[in-house]
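Architecture and fold: a report
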Amino acid sequence: MRGAFMISVKAYLGYPYPLGATWMGNGVNFALFSETATSVELCLFDNVDATEENIRIPVTEHTDQVWHVFLPDVRPGQLYGFRVAGPYDPERGLRFNSSKLLLDPYAKAIAGEVSWADEMFGYVVGSKDEDLTRDFRDDAWGVPKSVVIDAAFDWQGDKRPGIQLHSSVIYELHVKGFSKLWPDVPEKLRGTYAALGTPAAIDYFKQLGVTAIELLPVHAHIDDKVLIDRGLSNYWGYNTIGFFAPHAQYSSSGQMGEQVVEFKSIVRSLHAAGIEVILDVVYNHTAEGNHLGPTLCFRGIDNLAYYRLQPDNPRFYLDFTGTGNTFNLLHPRTLQLVMDSLRYWVLEMHVDGFRFDLAVSLGRDHEGVNKLHAFFEIIHQDPVLSQVKLIAEPWDVGEGGYQVGNFPVLWAEWNGKSRDTVRSFWKGDEGRIGELGYRLTGSPDLYQHNGRRPYASINFVTAHDGFTLSDLVSYNEKHNQLNGDANNDGDNNNLSWNCGVEGPTDDPQINALRERQRRNFLTTLFLSQGVPMLAGGDDWGRSQNGNNNAYCQDNEISWLDWMHDEKQTQFLELTRKLIWFRNAHPVFRRPKFFQGRRIRGSEIRDVMWFNPGGSEMSEEEWASPFVRCIGMLLSGDAIDVLSFEGEPIRDDTFLLLINAHYEPIPFVLPGQEQIEWQLILDTMGPNGFLAEPKKFASGDDVHLGGRALCLLQLVSGAQAQAREESWKKRHVEFPPITAEEERARGT
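Computed from a predicted model, the values in this text were never measured in an experiment.

Some remarks on the nonpolar core
Among the nonpolar cores identified, the biggest contains 171 residues, and F205, F356 and F375 are the most heavily contacted of them. In terms of residue count, helix α6 (residues 332-347) provides more of this core than any other element does, eight residues in total. Ignoring anything within four residues of it in the chain, the contact list for F205 reads Y171, L173, F178, L196, V210, I213, L270 and I275.

Looking at the sheet that holds strand β22 (residues 389-392)
Pairing is parallel around the closed barrel formed by eight strands, whose spatial order is β12-β13-β16-β19-β22-β23-β24-β25. Averaged over all adjacent pairs, the angle separating strand axes in this sheet is 30°, with direction ignored. Strand contacts of helix α12 (residues 508-526): β24 (457-459) and β25 (531-535), with the helix running at about 145° to β25, the strand carrying the most contacts.

Quick word on the sheet that holds strand β28 (residues 654-659)
Strands in a sheet are paired, the pairing made by backbone hydrogen bonds, and the direction either parallel or antiparallel. A sheet is described by the order of its strands in space; here six strands give the open sequence β26-β27-β28-β33-β30-β31, paired in antiparallel fashion. The outermost strands of the open sheet, each flanked by one partner alone, are β26 (607-610) and β31 (689-697). Taken over all neighbouring pairs, the strand axes of this sheet differ in orientation by 25° on average, direction set aside. As judged from the five bridges shared by strand β30 (residues 676-682) and β31, these two strands associate in the antiparallel manner.

Description of the packing of helix α2 (residues 199-208) against helix α13 (residues 566-584)
The description of two packed helices rests on the angle between their axes and on the distance between the axes. Two elements in contact, α2 and α13, have axes whose closest approach is 8 Å; the angle formed by their N-to-C orientations is 65°. Contacts between α2 and α13 involve Y204, K206, Q207 and L208 from the former and L572, T575, R576, I579 and W580 from the latter. Broken down by class, the residue content of the contact of α2 with α13 amounts to five nonpolar, two polar and two charged.

Some words on the environment of A109
Looking at where A109 falls in the secondary structure, it is placed in strand β10 (residues 109-111). Not counting residues within four places of it along the chain, the set of residues in contact with A109 comprises K145, S146, V147, I149, A245, G257, Q259 and V260.

Brief notes about the environment of A718
Here A718 lies in the loop between β33 (708-716) and α15 (719-722). Sequence-wise, A718 and F425 are 293 residues apart; in three dimensions their C-alpha atoms are separated by 33 Å.

As for the side chain of R516
One can find R516 in helix α12. Here R516 occupies a buried position and makes no salt bridge, while the nearest side chain of opposite charge, D682, is found at 7.5 Å. Leave out the neighbours within four places in its chain, and R516 touches T683, M684, G706, R707 and A708.

Some details on the state of the cysteines
The tally for this structure, following the rule as stated, stands at zero disulfides. Between C297, a cysteine without a disulfide, and C43, which holds the nearest cysteine sulfur, the sulfur-to-sulfur distance is 14 Å.

Let's talk about the pairing of β22
Here β22 shows two buried faces, one formed by K389 and I391 and the other by L390 and A392. Bridge count between strand β19 (residues 353-356) and β22: four bridges; the pairing is parallel. Among the inter-strand pairings, F356 is bridged to a residue of β22, identified as A392. Two strands pair when backbone bridges link them, and β22 and strand β23 (residues 411-414) are joined in this way by three bridges, in the parallel orientation. Its bridge partner being in β23, I391 is matched across the sheet by A412.

Parameters and conventions
Residues numbered from 1 in each chain as written. Predicted model: local features only at pLDDT ≥ 70, side-chain atom pairs only at ≥ 80, totals over all residues. Heavy atoms only, no water. Core = buried A, V, L, I, M, F, W, Y, C linked by side-chain atoms within 4.5 Å. Buried < 20%, exposed > 50% of the residue type's maximum accessible area, 1.4 Å probe, protein only. Helix = DSSP H or I, 4+ residues; strand = E, 2+ residues; numbered from the N terminus. Contact = heavy atoms within 4.5 Å. Pairing = 2+ DSSP bridges. Axes fitted to C-alpha atoms, helices over the stretch in contact; angles between N-to-C directions. Nonpolar A, V, L, I, M, F, W, Y, C, P; charged D, E, K, R; others polar. Lys, Arg positive; Asp, Glu negative; His and termini not counted. Salt bridge = Lys/Arg side-chain N within 4 Å of Asp/Glu carboxyl O. Disulfide = S-S within 2.5 Å.

Next comes the structure, spelled out in structure tokens:
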């Protein structure tokens, strides 16, 4: 043993709980779970650049498979790691290698980055036996270190905004990309957590009208070697290595625990402004990849416990995530780690909810996807986690992995069907009118059957993954060549339409159509029931030049450009007005599904559907593949939605007219005589909202432009008289369904 390891240190037995490194005021307790290890050593480092530990401490006590020791002389700021010994036998799923320094799975802070070299792998890279031959070289010089933190923080009476989900508007952003280029943020804070708490950022969120920011992964993550070798990085951060530690590279103040304080500070500032913080979390896999991946943490501590391995050949990993491995939530200690992590971020970091990446994989057991999985059961009974916002990405890449609509009560979902329907409808695809009706009303076909509400549907047209809103209307094909994978990465099925030319163009007609389509998308998003989510930068119309998978682009492709031209400024103003309009009118954010019929004890019908002739939609029209124009009447005086005090929540009555035909259509306004409507929004105009609303009588024709949307508000006459077919209705001709089409539709 080298002399550096001979320094003595006082060590007591310690406690098996809590797991991780815990500053107790009179020393630090270290506790590490490993079911199959034969010995554990705790390694202490003097600084983040140290090439070797200055002391190794044998951890001799283990209770209930937890190895523990208490060091009375250690203080917050101490750098540490573990060396875990045991069999190296990959064919039995055992991958212990005490030559490799390992991160603490419960580390609250992580300092440093991986300096990629062959030593970071537990096996001899390039060996003809691949991962079967153990690598005995030490790697402490090139791997991150865990940091002991002091959890104390002055929350100054922080109160959660507690915004009801049905009243939420979510803004998805990347911590670095959001502010990296923003002149209004002090230069040293750009691209960091601290930027999110600056007056400029908070004013922006408040003026936009959003109620929550959803942060792309902020758990400590690793840049994959394959990306580093290409001169790229894992920019999005879906490559977690530490489920408790805020990613240190987003910190403006330091990485020896300062990142924890900085994150807490921005949560406190956002809460003070009434804005919630939702984290995009990745518990489905880790950064260690498949059997040829590095050994950085979990693999070297207890590979059998932390990962799903192939039952008949545990050398290899089950991969339901497309990343090489799947975290093993069937093991009680791994499941405990996930729950401990979630509770930590709620109780210690004060976040308001989570969006679970590839959430289906979290509910997989040996038989497949199981809605009664322990993961769901534990969250449902947990007094902390059951009370925060839980949002699932309801798919993974495994068999039966598309589970939109199938998550349990308490869960909301990214509604991929809503995204696809809205894209397809405005692109002009046939046969979408019926499904559009479901999506506009909060997708009752997906969520009503099991006791969920419209706010189970997180509606979005675009997200970080895929085209931006501008690119959605500018490209038919993805253009991901800069990712270094020969344009093979990213989704090929984008339901996008370039309006006639691929990419940028000087054609004024095409540009006008693209701008109108963007207005159509956003207006549809914010006037639909459910919870709207807006991708950062789509509020003014950023582009990624056709890249629909910019996960590795830590540069101007992904960073938001805050220098807006006149068109972008105009679009931003429309976005703000749409959000504020939604926030002002409860009829667009109902916590209950429409009944679509007369409400018990009342003559009110809360939603009605009309054709352009002013008549109610017939079954034949709903079934027609050619119908692309519809009117949706929302009753503002429905009595089924009550305030906390039990009083009916009243609003105005609105009429939403939607036309995805390329040609304009005259639309007869419904209602009895003496009813007056006011046109307040028309996406044919560049501003969307009219500076001077136009008044129309029932029975009048509204000129509904080709590929356009209009919103009218009832301004005169009884609401009950508006809920009728037009007194001047006219017959509308549309092509009949052929026998062949009937067979194709299964009718």
